[in-house]
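The residues making up each chain are set out below.
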Amino acid sequence: MATLIAPSMLSADFGKLAADVQMVNESDADIFHLDIMDGLFVPNISYGFPVVDAISRLAKKPLDAHLMIVDPDRYVERFAQSGVKYLSVHIEACTHLHRTLQNIRERGMKAGIALNPHTPASLLKDILPDADFVLVMSVNPGFGGQKFIESSLEKISDIREMALKRAPHLLIEVDGGVNKENAPLLVKAGADILVAGNSIFSTPSPAEAVRELKSICC
Ligand code: DX5
Ligand code: ZN
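Residues numbered from 1 in each chain as written. Chains lettered and ligands numbered in written order. Predicted model: local features only at pLDDT ≥ 70, side-chain atom pairs only at ≥ 80, totals over all residues. Heavy atoms only, no water.

Undergrad: Which residues make up the side chain of Lys61, and what values do they have?
TA: With respect to the helices, strands and loops of the structure, Lys61 is situated in the loop between helix H2 (49-58) and strand S3 (63-68). Although Lys61 lies buried, it forms no salt bridge, and the closest oppositely charged side chain, Asp30, sits 6.5 Å away as judged by the N-O distance. Looking at Lys61, its side chain comes within polar contact range of the main-chain oxygen of Ala29, at 2.7 Å. Setting aside residues up to four positions removed in sequence, Lys61 forms contacts with Val24, Asn25, Ser27, Asp28, Ala29, Asp30 and Phe32. (Helix = DSSP H or I, 4+ residues; strand = E, 2+ residues; numbered from the N terminus. Buried < 20%, exposed > 50% of the residue type's maximum accessible area, 1.4 Å probe, protein only. Lys, Arg positive; Asp, Glu negative; His and termini not counted. Salt bridge = Lys/Arg side-chain N within 4 Å of Asp/Glu carboxyl O. Polar contact = N/O pair within 3.5 Å; in protein donor to acceptor, adjacent residues only side chain to side chain. Contact = heavy atoms within 4.5 Å.)

Right, dumping it as C-alpha cells:
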C-alpha cells in the first residue's frame, strides 16, 4: 500500500483556514489530521466542533481526528456526526478501551489506538485485533513543531511485527516531528500514515512539501 500523507491542521493558519484546507484538497495529501486537545490530557487546548465542522464542509479527503482528551467516549457520536472517518483515542485515557473501540466501529468509523512515547507497544498485545490502526506518538502530545523521538522507530517495527500475526490489516500512523529526513526510515519500519504539521505548513510551499513527502515514501 502507498504511504498516506496526513497534514496536521494544527499547524495551519487559522486566519485563512479555508485556503489551507483547499491547499490540502489540491495537494498529494491523502487525509486531514485534526488534533483535539482538552487542556487536561495534554497541557494545551486546540479547537473544537465549530472548527472541525468547518473543515469537514470544505474537505474533499477523509478526516482523521486524534483525541488527546480525557473520557473520549463522551464525544464519539459527535465526531461521527462531523463526518470523521478515522478516530483515535489514547490508550492512557481509556479505562475500557475495548468498549471504546467497539463504540467507534459501531458508528462507522475506523478505530485507532494512540500511544504516548513512554507507553510500550507490548500493551497492545490483546487489543490489537480490535483496532483498525495504531497511532504512534513520536513527540509528547500537546504541541506541533517538536523534535522527533528516535525510539519511535523501534516501536513501529515492534507493532508491525505484532500485527503480522494478530491484526494483518492494521495501519500504523506516526505523529510528531515527521519530516523528509526521517520519513523513509519510518516507512521502512512499517508506518503506513505519516502525519506532518510543521514540516508542511512552515515551508514556503506547503503543497510542494506534501509532494516531496509523498514522493519519498511511495
Ligand atoms: C501533537 C499532535 C501532532 C502535531 C504534529 O500533539 O498530535 O499531530 O500537530 O505536528 P508536527 O509535525 O509539527 O510535530
Ligand atoms: Zn496528532
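Undergrad: Can you break down helix H1 (residues 17-26) residue by residue, with the values?
TA: For H1, the set of buried residues is Leu17, Asp20, Val21, Met23, Val24 and Asn25. Here the buried face of H1 lies against strand S1 (4-7), strand S2 (32-37), H2, helix H7 (198-201) and helix H8 (206-217).

Undergrad: Give me the lowdown on the pairing of strand S6 (residues 133-137), citing residues and values where you can.
TA: With five of five residues buried, S6 is to be regarded as a mostly interior element. Alternating residues of S6 divide into Phe133, Leu135 and Met137 and Val134 and Val136, and every residue in both groups is buried. Taken together, the five bridges between S6 and strand S7 (residues 171-175) define a ladder with parallel strand orientation. The partner of Val134 across the bridge, within S7, is Ile172. A crossover connection joins S6 to the parallel S7 through helix H5 (residues 152-166); in handedness this β-α-β unit is right-handed. (Pairing = 2+ DSSP bridges. Right-handed = clockwise from strand over helix to strand, strands pointing away.)

Undergrad: Can you explain the environment of Val187? Please cite residues and give values.
TA: By the secondary structure assignment, Val187 is in helix H6 (residues 183-189). When the C-alpha positions of Val187 and Cys217 are compared, they lie 6.7 Å apart, and in sequence the two are 30 residues distant. With residues near it in sequence (within four places) discarded, Val187 still touches Thr3, Leu194 and Cys217.

Undergrad: Now, about the coordination of the zinc ion (ligand 2): what can you tell me, with residues and values included?
TA: Taken together, His33 (NE2), Asp35 (OD), His66 (ND1) and Asp175 (OD) make up the full set of protein donors to the zinc ion (ligand 2), lying 2.0 to 2.3 Å away. Considering all six donor atoms around the zinc ion (ligand 2), the spread of angles at the metal, 70 to 169°, places the coordination shape in the octahedral class. The sequence motif formed by the donor residues of the zinc ion (ligand 2) is H-x1-D-x30-H-x108-D. With His33 in strand S2 and Asp175 in strand S7, the pair connects residues that are 142 residues apart, well separated along the chain. (Donors = N, O, S within 2.8 Å, 3.2 Å for Na, K, Ca; no water. Tetrahedral: all angles 85-135°; square planar, octahedral: opposite > 155°, others 65-115°.)

Undergrad: Lay out the packing of aromatic side chains in plain terms, naming residues and giving numbers.
TA: Enumeration according to the criterion identifies four aromatic pairs in this entry. Here Tyr86 and Phe133 contribute two aromatic rings whose centre-to-centre distance is 5.7 Å and whose plane-to-plane angle is 85°, an arrangement assigned as edge-to-face. Pair noted here: Tyr86 is in strand S4 (residues 86-90) and Phe133 is in strand S6, with a separation of 47 residues, a long-range link. Comparing Tyr86 with Phe133, the two get one shared label, buried. (Phe/Tyr/Trp six-rings, centres within 6.5 Å; stacked < 30°, edge-to-face > 60°.)

Undergrad: Describe the environment of Pro72, with residues and values.
TA: Note on placement: Pro72 falls in the loop between S3 and helix H3 (76-81). The spacing of Pro72 and Val89 is 17 residues in sequence and 6.7 Å in space, taken between C-alpha atoms. Those residues within four positions of Pro72 in sequence are excluded, and the remaining contacts are Leu67, Val89, Ala93 and Cys94.

Undergrad: Break down the sheet that holds S4 for me, citing the residues and quoting the values.
TA: Spatially, S1-S8-S7-S6-S5-S4-S3-S2 is the arrangement adopted by the eight strands of the open sheet, whose pairing is parallel. The sheet terminates laterally at S1 and S2, the two strands that pair on one side only. Averaged over all pairs of adjacent strands, the angle between strand axes in this sheet comes to 20°, irrespective of strand direction. Bridge analysis of strand S5 (residues 110-115) against S6 gives four bridges, and the strand direction is parallel. Across the sheet, the residue bridging to Leu115 is Val136, located in S6. (Axes fitted to C-alpha atoms, helices over the stretch in contact; angles between N-to-C directions.)

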